[in-house]
Amino acid sequence: MSTQKAQHPQAPAATRIHNIGYRNYDGPRLGRAYERRALFSQSLRGAYGLGRSAKSKVLPMILFAVMCLPAAIMVAVAVATKSGKLPVEYTAYAIMTQPIIGLFLASQAPQSVSRDLRFKTMSLYFSRPIERSDYALAKYGAMASALFILTAAPLVVLYVGSLLAEMDFTDQTKGFAQGMVSVTVLSVLFGGIGLVLAALTPRRGFGVAAVIATLTISYAAVSLIQEIARANDSEGVIQWFGLFSPASLIDGFQTAFLGASSAFPGGAGPDVGVGVVYLLAVSGLIVGSYAVLMLRYRKVGL
Amino acid sequence: MYNPTVARLTYRAVLGRRRAAILFILPALLLLIATSVRIFVGPDDQIAADLLGGFAIAAMVPLIGVIAGTGAIAPEIDDGSIVYLLAKPVKRSTIIFTKLIVAIAVTMAFSAIPTLIAGFILNGNGQQVAIAYTVAALVASIAYSALFLLLGTVSRHAVVIGLIYALVWEALFGSLVPGARTLSVQQWSLALAEKIATEGLIGSDVGLPLAVSLLLGVTVVATWYAGQKLRVLKLAGEE
């Protein structure tokens, strides 16, 4: 440019930018909150395969059906035998079906975050006015909500079924409310752990394996150690080992505060005093996974 | 049949960077549990058998098999870089066989060796428990690697399908439906362990001759079919 200027000293005065009639955008700017909501609903729908190909709907829908089927069968059995109460407690259902919850989380958490990393769409998100806290919150919220839908649906089936069978209303409502609190905590805890592990790798396969390994291996190891402790008559330590896996954390938490009967060997769940430690561990893990997600997205690439 | 260059690339794909971490964590956890049990409980043959059977064979070996078996080929197919390998004048069956050898070696290294060490820590190989479970882990490594390598060539969701097989079919169905145990790599390998250890410690639902022939059959057929799949492989776009 400078050379041109030197050749034609008068040129700059003669040039001007023509206004050829393009309009500026003067419609409403929807802003950060809208984008956060859009990202949230997109991720939530994606977790169930909605808005994705037919093939990716298969697995989440099957897992959802498998999750609800036992509840429906239990209601049917309870109605047919006129037993007057459900065969399982509301709080016990999620602990019983945790392999399914684990598979759902393992298959959907990586698809929620890994692909954004692998196809480098992160930079496109952040070219919009959203901050990384918006991205992390939207993804975290969506994963937790997807898990909540998965775990709460069978409880609703149980509850509606029990009311239709004219079981005791106050009993059922109390149990249902306790179950709902328990699955809410479970969804937030599991969702956070799953997203953190998935966000650490751009490869979907390794994310899946890492999530499953963390959830099921830790639970298998904890259960095994608890059994050994029980066989050696040291029942006092059983409740402390429960702190080392996500599922047993939830189990201990609801035993202490939500009147659930523990799935620990011998039913030796923690009382309220030890329960506080469980509560601290659960909230620490939830806050911790949000913090790790924030740390992870400080740099957009890898 | 064996191509050292393909093997070197596969080792790097399976063990590279962070991926090896998950492979180290599981054996480390097993050894940690074994050590603490030995310290707090002392040597006990029944506990050793329960721990190795319940944690090492039932959970650790299949999981490492899934990671190594699918990790040997699935990521390459997933991101399309397998075409550079397929374009080279190397037979497809050679590629599969080499990758299988690597997957078996990795699975054995990360599952059978820790099982042996944990067995010796737990009860010093009393009643041959450590050796029995190590043999089971070695045999299971071969079958799992072949099976999950095949899954990697068949489906994009190889890891999920492999995990469903390992967790839902073998662990959940196996404990509920007796018939499902006949079709489980875990039970086939336990049939061998049953013969080695002192009677009554380890149980399997499958007879030894049937178990051995099923193990051989599954490994050979899975490897052959994986080679066939690789010959006619179509690279699909991202879903």
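Rules used in this analysis
- Residues numbered from 1 in each chain as written.
- Chains lettered and ligands numbered in written order.
- Predicted model: local features only at pLDDT ≥ 70, side-chain atom pairs only at ≥ 80, totals over all residues.
- Helix = DSSP H or I, 4+ residues; strand = E, 2+ residues; numbered from the N terminus.
- Rg over C-alpha atoms; globule rule 2.2 N^0.38 Å.
- Buried ≥ 20, exposed ≤ 12 C-beta atoms within 10 Å, placed from the backbone.
- Contact = placed C-beta atoms within 7 Å.
- Core = buried A, V, L, I, M, F, W, Y, C linked by C-beta atoms within 7 Å.
- pLDDT = per-residue confidence, 0-100.
- Nonpolar A, V, L, I, M, F, W, Y, C, P; charged D, E, K, R; others polar.
- Expected span 1.5 Å × (residues − 1).
- UniProt positions renumbered as here; feature names shortened; annotations may be inferred.
- Axes fitted to C-alpha atoms, helices over the stretch in contact; angles between N-to-C directions.
- Left-handed = near helix turned anticlockwise from the far one by under 90°.

Let's shift gears to the overall build of chain A. Within chain A, the regular secondary structure consists of 13 helices and zero strands. Traced from its N-terminal end to its C-terminal end, chain A shows the element sequence α-α-α-α-α-α-α-α-α-α-α-α-α. At 26 Å, chain A has a C-alpha radius of gyration far larger than the 19 Å of a compact globule built from 302 residues. Along the longest, intermediate and shortest principal axes, the C-alpha atoms of chain A span 95 × 45 × 35 Å. Counting all 302 residues of chain A, 44% fall into the buried class. Long-range pairs, those at least 24 residues apart, make up 75% of the contacts in chain A between residues at least 6 apart in sequence.

As a further point, take the overall build of chain B. On a plain count of helices and strands, chain B comes out with eleven helices and zero strands. Along its sequence from the N terminus, chain B presents helices and strands in the succession α-α-α-α-α-α-α-α-α-α-α. In summary, chain B has a C-alpha radius of gyration of 18 Å against a globular reference of 18 Å for 239 residues, a match within 12%. Burial statistics for chain B: of 239 residues in total, 51% are counted as buried. In chain B, once contacts between residues fewer than 6 apart in sequence are set aside, the share between residues at least 24 apart is 80%.

Now for the nonpolar core. Grouped together as the largest cluster of nonpolar side chains are 166 residues, with contacts concentrated most on Ala136 and Leu163 of chain B. For this core, the element with the highest residue contribution is helix α7 (residues 129–154) of chain B, accounting for 19 residues. Once residues lying within four places of it in the same chain are set aside, the contact partners of Leu163 of chain B are Leu103, Ala106, Val208 and Ile212 of chain A together with Val66 of chain B.

When pLDDT is averaged along chain B, the result is 86, and 97% of the positions lie at 70 or above. Scoring of the predicted complex yields 0.83 for pTM and 0.76 for ipTM.

Moving on: the interface of chain A and chain B. At the junction of the two partners, chain A supplies 26 residues and chain B supplies 28 residues. Here the side of chain A that touches chain B gets 14 residues from one element, more than from any other, and that element is helix α10 (residues 204–231) of chain A. Residues that form the side of chain A that touches chain B fall into these classes: 16 nonpolar, seven polar and three charged.

Taking 1.5 Å of rise per residue, the 26 residues of α7 of chain B would be expected to cover 38 Å, and the 37 Å separating its terminal C-alpha atoms lies within 8% of that figure. Counting buried residues along α7 of chain B, 24 of its 26 residues qualify, which places the element largely inside the surrounding structure.

All names here are of chain A. Here Met294 shows up in helix α13 (residues 272–296). Along the primary structure Met294 and Arg32 are separated by 262 residues, whereas in three dimensions their C-alpha atoms are 17 Å apart. Excluding residues that lie within four positions of it along the chain, Met294 makes contacts with Arg132, Ser133 and Ala136.

Residues and elements named next belong to chain A. Locating Ala80 in the fold gives a position in helix α4 (residues 54–81). Ala80 gets classed as exposed once you count the C-beta atoms within 10 Å, which come to 9. Residues Ala80 and Ala165, spaced 85 residues apart in sequence, show a C-alpha to C-alpha distance of 9.3 Å.

Below, the discussion takes up the UniProt feature "transmembrane region" (unreviewed entry) in chain B. Residues and elements named next belong to chain B. The sites that carry the UniProt feature "transmembrane region" (unreviewed entry) are, in the present numbering, residues 21–41, 53–74, 95–122, 128–151, 158–180 and 206–226. End C-alpha to end C-alpha, residues 21–41 measures 30 Å, and it is 100% helix and 0% strand. For residues 53–74, the helix share is 91%, the strand share is 0%, and the end-to-end C-alpha distance is 29 Å.

So, on to the packing of helix α3 (residues 31–47) of chain A against helix α8 (residues 132–164) of chain A. Residues and elements named next belong to chain A. Two numbers describe how α3 lies on α8: the axes approach to 8 Å, and their chain directions differ by 35°. Crossing of α3 against α8: the hand is right-handed. Facing Arg32, Glu35, Arg36, Leu39, Phe40, Ser43, Leu44 and Ala47 of α3, the residues of α8 in contact are Asp134, Tyr135, Leu137, Ala138, Lys139, Gly141, Ala142, Met143, Ser145 and Ala146. Broken down by class, the residue content of the contact of α3 with α8 amounts to ten nonpolar, three polar and five charged.

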